[in-house]
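Remarks on the overall topology
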Amino acid sequence: MDLLLMSDTHLPVRAKALPPELLDLVPRADVVVHAGDWADEATLDLLEARARRLVAVFGNNDGPGLRARLPEVAYADLQGVRLGVVHETGPAKGREKRCAERFPDLDVLVFGHSHIPWDSTADGRLRLLNPGSPTGRRRQPHCTYMTARIGSSGLAGVRLHELPPRTPG
């Protein structure tokens, strides 16, 4: 099972559209995960139309329309891997301990908010993944997203992808 992970798309504020490389992967992934801060409902509509399955949440910058359509925390069982999605997890310091306590029944937690890619393991069991942002790199060198696979041995092949700089125009 192929996963495509993204967060903090902030369209059309940070960019006019999702990067073509990322958009091309949406229909190929078995599950698309979005960890909030969409900013517009059109991007949600687009991913719902193109994705085989979408697991998504709203973020702190999402208005009433997105909050009415999306949960604050989403859960999915993906071939026995217990996945959760949330936008915010608080400061980096103490993140693993907080998340392990808040989500004791998960194997993987995808989160966003910071635009800073993150991959760590909490309490020897909970994998924490932040794919960064494909449209707003903030202080990071690149805009990013992640891919991963779920197979017979669980989550594997987690990969951070760096997007090329956008060209003006």
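Before any of the text, the structure's been laid out above.
The present account deals with the structure reproduced in this document.

Now for unusual backbone geometry. Residue proline 12 is reached from leucine 11 by a cis peptide bond, and omega for that bond is 0 degrees. Within the fold, proline 12 resides in the loop between strand S1 (2-6) and helix H1 (20-25).

Counting 21 residues, the largest nonpolar core has Leu4, Met6, Val26, Val32, Trp38, Leu47 and Leu70 as the members making the most contacts within it. For this core, the secondary structure elements donating two or more residues are S1, H1 and helix H2 (41-50). Not counting residues up to four positions away in its chain, the partners in contact with valine 26 are Leu4, Met6, Val32, Leu47, Arg50 and Ala51. Among the nonpolar cores identified, the runner-up in size contains 19 residues, and Val57, Ala74, Met146 and Ile150 belong to it.

Taken in spatial order, the 5 strands make up an open sheet running S4-S5-S6-S8-S7, and their pairing is mixed. Every other strand in the sheet has two partners, leaving strand S4 (73-78) and strand S7 (118-122) as the edge strands with one partner each. In this sheet, adjacent strand axes meet at a mean angle of 20 degrees when their direction is disregarded. Relative to the sheet, helix H4 (residues 95-102) contacts S4, strand S5 (81-86), strand S6 (108-110), S7 and strand S8 (126-130), its axis offset from that of S7 by approximately 60 degrees.

Conventions and cut-offs
- Here the residue numbering is sequential within each chain, running from 1 through the sequence in written order.
- Thresholds applied to this predicted model are a pLDDT of at least 70 for local features of residues and 80 or more for the giving and counting of side-chain atom pairs; totals over whole chains, interfaces and linings are not thresholded and use all residues.
- In computing side-chain values, all of the structure's heavy atoms are included and hydrogens and water are not.
- We count a stretch as a helix when DSSP gives it H or I for four or more residues in a row; a strand needs E for two or more, and each element gets its number in order from the N terminus.
- Within this scheme, the nonpolar core is defined by two criteria: the residues are buried Ala, Val, Leu, Ile, Met, Phe, Trp, Tyr or Cys, and they are joined through side-chain atoms within 4.5 Å.
- Three exposure classes are used, based on accessible area relative to the maximum for each residue type with a 1.4 Å probe and protein chains only: buried under 20%, partly exposed in between, and exposed over 50%.
- Whether two residues are in contact is decided by their heavy atoms: any pair within 4.5 Å suffices.
- Strands are treated as partners if at least two bridges between them are detected by DSSP.
- Angles here are taken between N-to-C directions and fall from 0 to 180 degrees, while the axes themselves are lines fitted to C-alpha atoms, restricted in helices to the stretch in contact.

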